[in-house]
Amino acid sequence: MNAFIFELKNFPGEMVRVTETLAERGINVLPCGFGAADQFLLGLVAADEDASRTALRDAGFTFRELPAVAVSLEDRPGTAAATNRRLADAGVNIEAFFPVGCEEARYTFALCVDDVDKARSALGDQVVDFIYQ
């Protein structure tokens, strides 16, 4: 799984430009974003990565595509901190961390990191298969 990361201007309509571009091609996405001063950071996982990449490039968007590991966390205090600690102790840098699913008392996150293999090793049974369709 890969995530698409955008650094956009923080004003009305910026996120809609990205999501409408993908919607026009019939591509479903799970977006997550936030504004900080004059910048809006958008991360998304797309149901069809190849078609998304093509559509976004054709539309002239600048983005980073980052490998992501899907992790499952219990919905209780401290689980995110423990996961982040395991990665830090393994020397893995987190580039993005955003929710992509929820089921009962568990959440699935797309975790974009600088070393997927190290992250998988550090997180062990927290790593789950996740294919967005």
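Overview of the structure. Remember, it's a predicted structure, so these values are computed and weren't measured experimentally.

**Looking at the layout of surface pockets**
A volume near 200 Å³ is recorded for the largest pocket. Looking at the largest pocket, it is lined by 13 residues, and the ones nearest its centre are I5, F34, L41, E95 and A96. When residues of the lining of the largest pocket are traced back to their parent elements, those giving at least two are β1 (2-9), β2 (29-36), β3 (39-46) and β5 (94-103). For the lining of the largest pocket, the leading source of residues is β5, giving 4 residues. Partitioning the lining of the largest pocket into residue classes produces 8 nonpolar, 2 polar and 3 charged.

**Topic: the sheet that holds strand β6 (residues 106-113)**
Strand order in the open sheet formed by 6 strands is β2-β3-β1-β4-β6-β5, and the pairing between neighbours is antiparallel. Each edge of the open sheet is held by one strand with a lone partner, namely β2 and β5. Adjacent strand axes in the sheet meet at a mean angle of 30° when their direction is disregarded. Where β2 lies against β3, 8 bridges are found, and the strand directions are antiparallel. Bridge pairing links A36 to Q39 in β3. Relative to β1, helix α2 (residues 49-58) is tilted by about 25°, and along the sheet it contacts β1, β3 and β4 (64-74).

**Re the packing of aromatic side chains**
Counting across every chain of the model gives 4 aromatic pairs. Judged by centre distance (6.2 Å) and plane angle (85°), the ring pair of F6 and F61 falls under edge-to-face. Placement of the pair is F6 in strand β1 and F61 in the loop between α2 and β4, with a sequence separation of 55 residues. For the pair F6 and F61, one class covers both residues: buried. Arranged with centres 4.8 Å apart and planes meeting at 50°, the rings of F97 and F109 form a pair that is tilted. Of this pair, F97 sits in strand β5 while F109 sits in strand β6, and the two are 12 residues apart along the sequence. Here F109 falls in the buried class, since its relative accessible area comes to 16%. Taken together, the ring pairs connect F4, F6, F61 and F63 into an aromatic cluster.

**So, unusual backbone geometry**
Unusually for a residue other than glycine, A37 sits at a positive phi of about 60°. Assessed through its relative accessible area of 74%, A37 is described here as exposed.

**Details of the pairing of β1**
When β1 meets β4, the two strands line up antiparallel, connected through 4 bridges. Paired with N2 across the bridge in β4 is P67. In this structure, β1 lies alongside β3, joined through 6 bridges in antiparallel fashion. Looking across to β3, one finds that F4 is bridged to L44.

**Topic: the side chain of T79**
Along the chain, T79 turns up in helix α3 (residues 79-89). Under the relative-accessibility criterion, T79 is labelled buried at 13%. Polar side-chain contacts of T79 include one of 2.9 Å to the backbone oxygen of E74. Ignoring sequence-local partners within four residues, the contact set of T79 consists of L73 and E74.

About the thresholds
- Residues numbered from 1 in each chain as written.
- Predicted model: local features only at pLDDT ≥ 70, side-chain atom pairs only at ≥ 80, totals over all residues.
- Heavy atoms only, no water.
- 1 Å grid on protein atoms, 1.4 Å probe; cavity = no way out; pocket = protein on both sides within 12 Å on 5 of 7 lines; lining within 4 Å.
- Points joined across faces, edges and corners; volume = space filled by probe spheres on them.
- Helix = DSSP H or I, 4+ residues; strand = E, 2+ residues; numbered from the N terminus.
- Nonpolar A, V, L, I, M, F, W, Y, C, P; charged D, E, K, R; others polar.
- Pairing = 2+ DSSP bridges.
- Axes fitted to C-alpha atoms, helices over the stretch in contact; angles between N-to-C directions.
- Contact = heavy atoms within 4.5 Å.
- Phe/Tyr/Trp six-rings, centres within 6.5 Å; stacked < 30°, edge-to-face > 60°.
- Buried < 20%, exposed > 50% of the residue type's maximum accessible area, 1.4 Å probe, protein only.
- Polar contact = N/O pair within 3.5 Å; in protein donor to acceptor, adjacent residues only side chain to side chain.

Remember that the coordinates give geometry; whether it matters functionally is a separate question.
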